[in-house]
Amino acid sequence: METKASYSHTDPMLKKRDEFEDLLEERRNSSDLRYALKCYTPILYKNLTPCDASSLKSMVLQSDQLHYVITQVSKETGRNADDLQEEASGIFEEMAHRMQLSTVRFFAFALTKAFKTLFKSICVNEDGIQRLQQAIQEHPVVLLPSHRSYMDFLLVSYILYTYDLALPVIAAGMDFMGMKFVGEMLRMSGAFFIRRSFGGDRLYWAVFSEYVKTILKNGLAPVEFFLEGTRSRTSKSLTPKLGLLNIAIEPFLKGEVFDISLVPISISYERILEESLYAREMLGVPKPKESTSGLFKARKILIRQLAEGRVNRCQFNLTPRYIPKRPNEDVQTFVNDTAYRLVRAQEENMALKPWVLLATVLLQAEDLESGILLQELTDQVFWLRNLCRQYGGFLHWPEHMTPPDVVSGSLSIHHSLVRISEGKVFLALSQEEAPSGPVSPEEQVLSRAVPVLSCVSYRNQVLHVFVRPALLATAVHTAATSNKQDIFNTFSFLRNMFSNEFILCPKATVQDFEEACFLLVKTGALQMNQQQMEVTHRGHRTIAFLTRLLLPFVQGYQVVCAFLCEEATDALTEKDFVPAVRKFMVKQLLAGTLRYPEVLSSDLQKNALAALLRLGAVRKVQRMGLTSLKINKVTVNSLEDTLGDDCPLQRLPRPASDAHISSSEVQEVTRDSQPTSNPSKHKDSLFFCNLSMRASLQSFQRALY
Amino acid sequence: MNEMSVNAAHFPCSPLTRPSPSRHKHGSSMAANSSGGSDRQRAAQQRLKIIAGHLQRPSDHQLDITATECKAQESKTNAQSSEERTVPRRRQDVMKWNGWGYSDSKFLFNKKGQAEFTGKRYRLSGMIIPGLKDWMEETFGATIQHKTLATPMLNNTAVQPPNINDAFMEEIKSTDIPFSIEAEDRVFRAHGHCLHEIFALREGKIGRVPDMVVWPSCHSEVVKIVELACKHNICLIPYGGGTSVSSALECPPEETRSIVSLDTSQMNRILWIDEKNLTAHVEAGIVGQDLERLLNESGYCTGHEPDSMEFSSLGGWVATRASGMKKNIYGNIEDLVVHVRMVTPRGVIEKSCQGPRMSTGPDVHHFIMGSEGTLGVVTEVTLKIRPMPEYQKYGSVVFPNFEQGVACLREVAKQRCAPASIRLMDNEQFKFGHALKPQVSSIFTSFLDGLKKFYITKFKGFDPNRLCVATLLFEGDREKVLQHEKQVYDIAAKFGGLAAGEDNGQRGYMLTFVIAYLRDLGMDYYVIGESFETSVPWDRVLDICRNVKARIIRECKEKGVQFSPLSTCRVTQTYDAGACVYFYFAFNYRGLSDPVHVYEQVEHAAREEILANGGSLSHHHGVGKLRKEWMRETISDVGLGMLKSVKDYVDPNNIFGNRNLL
């Protein structure tokens, strides 16, 4: 069941996902004001018991659950129950949304204005919308958008308003509320605010979970939150956070509602607004606090992009599926599985633009400095396009355009990241604005890494298509023999190692392995009999590509291990870890012993540390209020070795078409190379996807009940 | 006895319907009993006889009692009750061989296209039901044009020839116990009333059937039969009323031995009535209507009224742990039983005395009750009896919605003031009940109905698509009944309930008995359906009702059912800690190639849903073979092991081989 569901390309639903409708087109041709004031009568949940704000409040505050918690807390702390009730009431006030149609209309107007200038088009898959409409009518709905940008939740609400669908209440971080005016505006358009951490505060938790559950149970409005918890700076999906999902699923598990539709929404932007912000953040420039001025800053970037004619586009894809019945598993496993499945659904329905493949090819170039011939780039991108399709990637490809047009079109949209000169394409490693004053080599390394990391964030969008085959390809390479069991063991090790890095559902090793085998065998890259797995002759190119896709991660983890073995002391605290590793890496990059600047990403470093902690190679020790890291050097060392002591790349056959570029051909990047301007406008893509859920889980019920 | 027979359960009771001439309501019959010297004399004699009966008991252990003794006894007791037997040996002479109930009673659409109920046995008999046709068309999308008729006659060639154990048959012959190997008799005892069983019969498909039917007429004959069965390794399947809805009567297809159906219907005497202790000792083959009628003649009743009571037997009630509609006053079967005799391959099991309660280890009665024919045959039962109630009154309450109704029932249960029966129908069932209103002759009545409707929907603002009705039945002293009635209506008022009259109440109870006949009508027009039940804690009642109904609708859709199904429920019993919920589910199967399979899948899913929502596997229908797969999770591994070890001890050779329950 599991494996079947994961082969999205076999799902007939996905055929339809190409049919998108552009929302903005109509807006450009009609009055924004009329749009904002249109008759808005969304279809509601069929069993909805109408309920105003004050009765919602009393339902929450008088719920049995809250009552129970108040009694408990009062017993334990000796506090007066009335005080606690008061406090609960305060928490509720702080949290609750106060949706007002007038504010919504204001947003509808303002956002139309903004979007029209920011985006060329916002594309939505219509059948998804229709299914969402049905889902809203039939069951309480949970909307789960992917989170790559501040724009995400605005876009979702905007789209729902446009299609006359019920507006969601949205879980927002308390830091948004800090933005005085904006916070209140958001609240009136459906946001509710939760504290980022409320660890032991049971009262808070009780009010919060009752609030969400009451809304869901009664179908008052769709509930929206981000499964990933926070924006993904790297465009890789993040490990799902289970807290809110647990709450949202609980009414279902307890049988208080017949079903709940979980609707993952994939939003893909052709160009991420925050791309270089994110890259800088990964390299150690702290993220700006989410304040109103921060938002304005973000807006400035938007405006600048507008001047450059950048556009975004958004798509919906709704793929309802039932979560299959799984007796005899405990609830946590179920929720966890569900979360991973949802994130995978989000990933699978992300529309991939040609640029994503371009970035992938560019980053795999032999030498980032030396660039790649345009013709060759085009060939490789098209080869990769086919591969991606075979592996079930959802490409949004302008079929009517010739390959060179597609490539040059993409290049021009992202001209801040690439240069073209003398028929070759280079990553724009040095920024346009000449740095003021002299810079140290270290700083130079970091600044040259910015565009690389930006590119990486595009390449990362395609990782989910290839991650399982890539793990297998790497395993085939690193395993001692071509014995299937050996390869599986290596695969399993790698998968385990990287399970903080990619979305790999725990306990699904065998399924993932089978899926990877299936794909590689199907595409003729591997042949397999009972015991052996061999790379076929024509499979070398694919295997090489896949291996190199994973290589930066392998190397990154190795460097982290090396750092921990060689440099780290017992005094290393968790806080110092990232800066220290970064310093170590910069040194290695400068020395030329490290190839990939992308390992400088703090995301990768943190993931590596998390993996090591999980594997027990590193332990956290509390010392004098600081968390320091206790390193088991033997284990770390052996992990580093197991990852491959020599660079696997050297053993890789170069693909035939991957021509070497002789050093004489390497040219300085010329400043004047302008992106080949393409008169046709470019589109980006932002994207939604979805599914619905229902399981009859006796064992779950019982466990909870 | 026929444990298997099982009947009891399903269709929750329906008093009204029974043909019994005006019962209760007047206390006079009781009084008559005690007046007059000759009466007193007779009572004294009777008492003596009873005491003798008590003393005689141990002699039953001696297996040398012969059938002739049995018959002699019979002639004696016959004098006591002037009975004409409801259930003859040839059941097919009176009852449908491929449907529910009496051959002369059924629904049909007459030439004018109006629904009509034939026969003379029921209140509804001979009446026109004008609303039924529209209701069927609207609810199921069924039409009168699309009809699918049942095979009219049993085709004897479709029945496998009997697999006779000659030695056994010889010995049976020598005992003079009547038996039959005719196809009709055997087929009749090969099924209960599950949908798939009836559907197959209508199609003329016959599976494994018993190879022989025997009709013992008393305990000692049963002892003899069981002894012979053990001797010759025969598979015995007890058969009582044949109203099982758990596949309990199905012959296991893998059974290679000769299967003998032990029909208890001829063991139908009340052996004695003990007025001092208010108990009656009854043979277990008696069917519910006879038991009540005969007791009524002496001014008593058991008050045990499962919906199937016209046909289900006392032994079946015991074997399935049946529940009666009026359990709030009289209790369920386990509360009524004082003493049981069961013949097992190991011998006869019974308690040594009739003490009202004992602390003697686990109650062995509870191995018998619910054993579903896997351990032996219940032959005689001592039951509690009560004087017939002086006064009986129906009632009904309309609630604005189901949630309010459930809240009211819960409150009634909390205050422990439930009337003899209280049932809450959901909106669909309310409409269904409405469709079954017989034609009213007077314009005045229909005018009144219109007025009532106007009052409730317009004046009180009840949404006709949400409102629901609770039906009530009060019993007891006139004064207490009225007082009780007021108390219940007061509680109802707190939950927005409006008293809606006796008629509605009465019709509600009528629904429960006609539904079984209605299914046959439905099947003539491509509609199949069934009911099933569960028990559930109070706080889960609403969830389970909503979710199971929704699950049925979804499953039907997914399984390709072309028309929207009827999926409805009612709360039929209240307890301190929970309630019994009853679901009806039916759909139009036109366009499906294998409707029974679809039906079974949906029912299976619905049961899973019930369990997932904290409901029990069964409140009173029993497990049979239909719900066996869930037994382990229901009673745990250890529980199942306990039951198995009892089975292994009592019946090591699986003589009672119907394979129910475990």
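Residues numbered from 1 in each chain as written. Chains lettered and ligands numbered in written order. Predicted model: local features only at pLDDT ≥ 70, side-chain atom pairs only at ≥ 80, totals over all residues. Heavy atoms only, no water.

(A) Here's a closer look at the overall build of chain A. Within chain A one finds 27 helices and 16 strands. With 705 residues in all, chain A has 59% of them scored as buried. Within the structure as shown, chain A displays about 28800 Å² of accessible surface, and the carbon and sulfur contribution to it stands at 54%. (Helix = DSSP H or I, 4+ residues; strand = E, 2+ residues; numbered from the N terminus. Buried < 20%, exposed > 50% of the residue type's maximum accessible area, 1.4 Å probe, protein only. Areas by Shrake-Rupley, 256 points an atom, 1.4 Å probe, with all protein chains shown as cover.)

(B) The packing of aromatic side chains, seen in detail. What the rule picks out here adds up to 36 aromatic pairs over all chains. Relative to F107 of chain A, the ring of F106 of chain A lies with its centre 6.0 Å away and its plane at 70°, an arrangement referred to as edge-to-face. For F107 of chain A, a relative accessible area of 16% gives the class buried. Connected via pairs of aromatic rings, a cluster forms that spans Y35, Y40, F115, Y158 and Y161 of chain A. One residue, R346 of chain B, lies across the ring of Y649 of chain B, its end atom 4.3 Å from the ring centre. Here R478 of chain B stacks its cationic end above the ring of Y391 of chain B, 4.9 Å away from the centre of that ring. (Phe/Tyr/Trp six-rings, centres within 6.5 Å; stacked < 30°, edge-to-face > 60°. Lys NZ or Arg CZ within 6 Å of the ring centre and 35° of its normal.)

(C) Region of the structure containing empty space enclosed by the protein. Residue and element names in this part refer to chain B. Under the criterion given, the structure shown has 17 cavities of 30 Å³ or more. Here the largest cavity is characterised by a volume of approximately 270 Å³. Broken down by secondary-structure element, the contributors of at least two residues to the lining of the largest cavity are helix 4 (131-140), helix 18 (502-524), strand 19 (527-537) and strand 21 (578-588). Its residues placed into classes, the lining of the largest cavity shows 14 nonpolar, three polar and two charged. (1 Å grid on protein atoms, 1.4 Å probe; cavity = no way out; pocket = protein on both sides within 12 Å on 5 of 7 lines; lining within 4 Å. Points joined across faces, edges and corners; volume = space filled by probe spheres on them. Nonpolar A, V, L, I, M, F, W, Y, C, P; charged D, E, K, R; others polar.)

(D) Representation of the state of the cysteines. Residue and element names in this part refer to chain A. Inspection of the entire model under this criterion finds zero disulfides over all chains. No disulfide involves C455; its sulfur sits 17 Å from the nearest other cysteine sulfur, which is in C388. The class for C455 is buried, based on a relative accessible area of 0%. (Disulfide = S-S within 2.5 Å.)

(E) Local environment of the pattern of salt bridges. Residues and elements named next belong to chain A. Counted under the stated rule, the structure contains 64 salt bridges over all chains. Where R187 meets E184, a salt bridge forms, and the shortest distance between an N and an O atom there is 3.3 Å. With R187 and E184 both in helix 11 (residues 180-188) and three residues apart, this pair spans about one turn of that helix. In this structure R187 comes out as buried when scored by relative accessible area, which is 3%. Here D512 ties to R468 by a salt bridge, and the two come within 2.9 Å at their closest N and O atoms. (Salt bridge = Lys/Arg side-chain N within 4 Å of Asp/Glu carboxyl O.)

(F) Local environment of the confidence of the model for chain A. Looking at chain A, the pLDDT average stands at 76 and 80% of residues meet or exceed 70. Confidence drops under a pLDDT of 50 for residues 1-17 of chain A, and excluding neighbours within four residues, the segment shows 38 contacts in the predicted structure. (pLDDT = per-residue confidence, 0-100. Contact = heavy atoms within 4.5 Å.)

(G) The side chain of K96 of chain B, seen in detail. All names here are of chain B. Its location among the elements puts K96 in the loop between helix 3 (67-80) and strand 1 (107-109). A polar contact of 2.7 Å, which involves the side chain of K96, links it to the backbone oxygen of W100. Among the polar contacts listed, one links the side chain of K96 to the backbone oxygen of Y102, at a separation of 3.2 Å. Among all residues touching K96, those that are not within four sequence positions of it are G101, Y102, S103, S105, K106, F188, Y517 and D520. (Polar contact = N/O pair within 3.5 Å; in protein donor to acceptor, adjacent residues only side chain to side chain.)

(H) Local environment of the pairing of strand 11 (residues 424-427) of chain A. Residue and element names in this part refer to chain A. Alternating residues of strand 11 divide into K424 and F426 and V425 and L427, and every residue in both groups is buried. Bridge count between strand 9 (residues 372-373) and strand 11: two bridges; the pairing is antiparallel. Its bridge partner lying in strand 11, L373 is registered against K424. Bridge count for strand 10 (residues 418-421) against strand 11 is four bridges, and the pairing is antiparallel. Counterpart to I420 in the pairing with strand 11 is V425. Where strand 10 hands over to strand 11, the hairpin turn is made up of two residues, of which E422 adopts a positive phi near 50°. (Pairing = 2+ DSSP bridges.)

(I) Spatial organisation of the pairing of strand 5 (residues 191-194) of chain A. Residues and elements named next belong to chain A. The two faces of strand 5 match: A191 and F193 on one face and F192 and I194 on the other face are all buried. Summarising the sheet, strand 4 (residues 169-173) and strand 5 pair through four bridges and their orientation is parallel. If you follow A171 over to strand 5, its bridge partner there is F192.

(J) Molecular detail of the UniProt feature "site: Important for enzyme activity" (unreviewed entry) in chain B. Residues and elements named next belong to chain B. Residues given the UniProt feature "site: Important for enzyme activity" (unreviewed entry) here are R423. Looking at the element boundaries, R423 is found in strand 16 (residues 421-425). Take R423: its relative accessible area is 2%, and that puts it in the buried class. In terms of polar contacts, R423 uses its side chain to reach the side chain of D307, at 3.5 Å. (UniProt positions renumbered as here; feature names shortened; annotations may be inferred.)

(K) Focus on the sheet that holds strand 6 (residues 235-239) of chain B. All names here are of chain B. The sheet built from four strands is open, its strands ordered 4-5-7-6 with mixed pairing. Every interior strand has two partners, whereas the edge strands, strand 4 (179-180) and strand 6, have only one. With three bridges joining them, strand 5 (residues 212-214) and strand 7 (residues 259-263) adopt parallel strand pairing. Note that in strand 7 the partner of M212 across the bridge is V260.

(L) Looking closely at the environment of A580 of chain A. As for its position among the elements, A580 of chain A is in helix 24 (residues 574-591). With 32 residues separating them along the chain, A580 of chain A and R548 of chain A place their C-alpha atoms 27 Å apart.

(M) Structural view of helix 26 (residues 633-642) of chain A. Residue and element names in this part refer to chain A. Residues V636, L639 and E640 constitute the buried set of helix 26. Around the axis of helix 26, the buried residues are gathered within 100° of arc, so they sit on the same side. Where helix 26 is buried, its residues contact helix 21 (484-497), helix 23 (540-566), helix 25 (602-615), strand 14 (618-623) and strand 15 (626-631). (Arc of directions from axis to C-beta.)

(N) Representation of unusual backbone geometry within the structure. Backbone geometry at K507 of chain A places phi at a positive 75°, although glycine is not the residue there. In this structure, K507 of chain A sits in the loop between helix 21 and helix 22 (509-522). By relative accessible area, K507 of chain A is classed as exposed at 72%. Its identity is not glycine, yet L661 of chain B carries a phi of approximately 70°, on the positive side. Assignment of secondary structure puts L661 of chain B in the segment after helix 21 (631-650). Residue L661 of chain B is classed as buried on the basis of its relative accessible area of 9%.

(O) Molecular detail of the environment of M127 of chain B. Residues and elements named next belong to chain B. You can see M127 is positioned in the loop between strand 2 (115-117) and strand 3 (128-129). Overall, the relative accessible area of 32% leaves M127 in the partly exposed class. If we ignore the near neighbours within four places in the chain, the residues touching M127 are A115, E116, F117 and P438.

(P) Seen up close, the packing of helix 12 (residues 202-217) of chain A against helix 13 (residues 243-253) of chain A. Residue and element names in this part refer to chain A. Relative to each other, helix 12 and helix 13 sit at 50°, their axes nearing to 9 Å. Taken together, the axes of helix 12 and helix 13 are oblique relative to one another. Note on packing geometry: the crossing formed by helix 12 with helix 13 is right-handed. Along the contact surface, helix 12 presents W205, F208, S209, V212, K213, L216 and K217, while helix 13 presents G243, L244, I247, A248, E250 and P251. Of the residues assigned to the contact of helix 12 with helix 13, the class counts are eight nonpolar, two polar and three charged. (Axes fitted to C-alpha atoms, helices over the stretch in contact; angles between N-to-C directions. Parallel < 35°, antiparallel > 145°, perpendicular 65-115°, else oblique. Left-handed = near helix turned anticlockwise from the far one by under 90°.)

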